[in-house]
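Architecture and fold: a report
What follows is the residue order along each chain.
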Amino acid sequence: MIFARPAWDQFRERINALPAQAHWWKRIFLGNACDVEMDGTGRILVSPELRAAAGITKSAMLLGMGYYFELWDTARYAEEEAKAMQADMPDVFKDFSF
């Protein structure tokens, strides 16, 4: 996940407020976080460790999710999206109006 600083600050506070039984997930979310800067052309460098953890091998895509972005390996995203489209729509959408 990629956050703008204000959204990250809010997310970090929510994670910090979780109870002790979530301690490992707190480590995963907060311990692997890092600040990045954009270069002159608007690119950011994602560390090799984070690329490996996300399964990004060659081509990546940035997916806007409201107040944060998700960074996906393009082929993996296509596979996951195809699976989701084949499955039943979640119950939460049954009364949702588009």
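Residues numbered from 1 in each chain as written. Predicted model: local features only at pLDDT ≥ 70, side-chain atom pairs only at ≥ 80, totals over all residues. Heavy atoms only, no water.

For the pair helix α1 (residues 5-16) and helix α2 (residues 23-31), interaxial distance at closest approach is 10 Å and the crossing angle is 160°. In this view, α1 runs roughly antiparallel relative to α2, as classed from their interaxial angle. Crossing of α1 over α2 shows left-handed handedness. Residues Trp8, Phe11, Arg12, Ile15 and Asn16 of α1 lie in contact with α2, whose contacting residues are Lys26, Phe29 and Leu30. (Axes fitted to C-alpha atoms, helices over the stretch in contact; angles between N-to-C directions. Helix = DSSP H or I, 4+ residues; strand = E, 2+ residues; numbered from the N terminus. Parallel < 35°, antiparallel > 145°, perpendicular 65-115°, else oblique. Left-handed = near helix turned anticlockwise from the far one by under 90°. Contact = heavy atoms within 4.5 Å.)

This part covers α1. Since one α-helical turn is 3.6 residues long, residues separated by three or four positions face the same way. Under the 1.5 Å per step criterion, the end-to-end length of α1 is 16 Å for 12 residues, consistent within 8% with the ideal 16 Å. Those residues of α1 not exposed but buried are Ala7, Trp8, Phe11 and Ile15. Looking straight down α1, one finds its buried side chains confined to an arc of 100°; they lie on one side. Relative to its buried face, α1 has exposed residues pointing more than 90 degrees away, namely Pro6 and Gln10. In the core, the buried residues of α1 are packed alongside β1 (2-3) and α2. (Expected span 1.5 Å × (residues − 1). Buried < 20%, exposed > 50% of the residue type's maximum accessible area, 1.4 Å probe, protein only. Arc of directions from axis to C-beta.)

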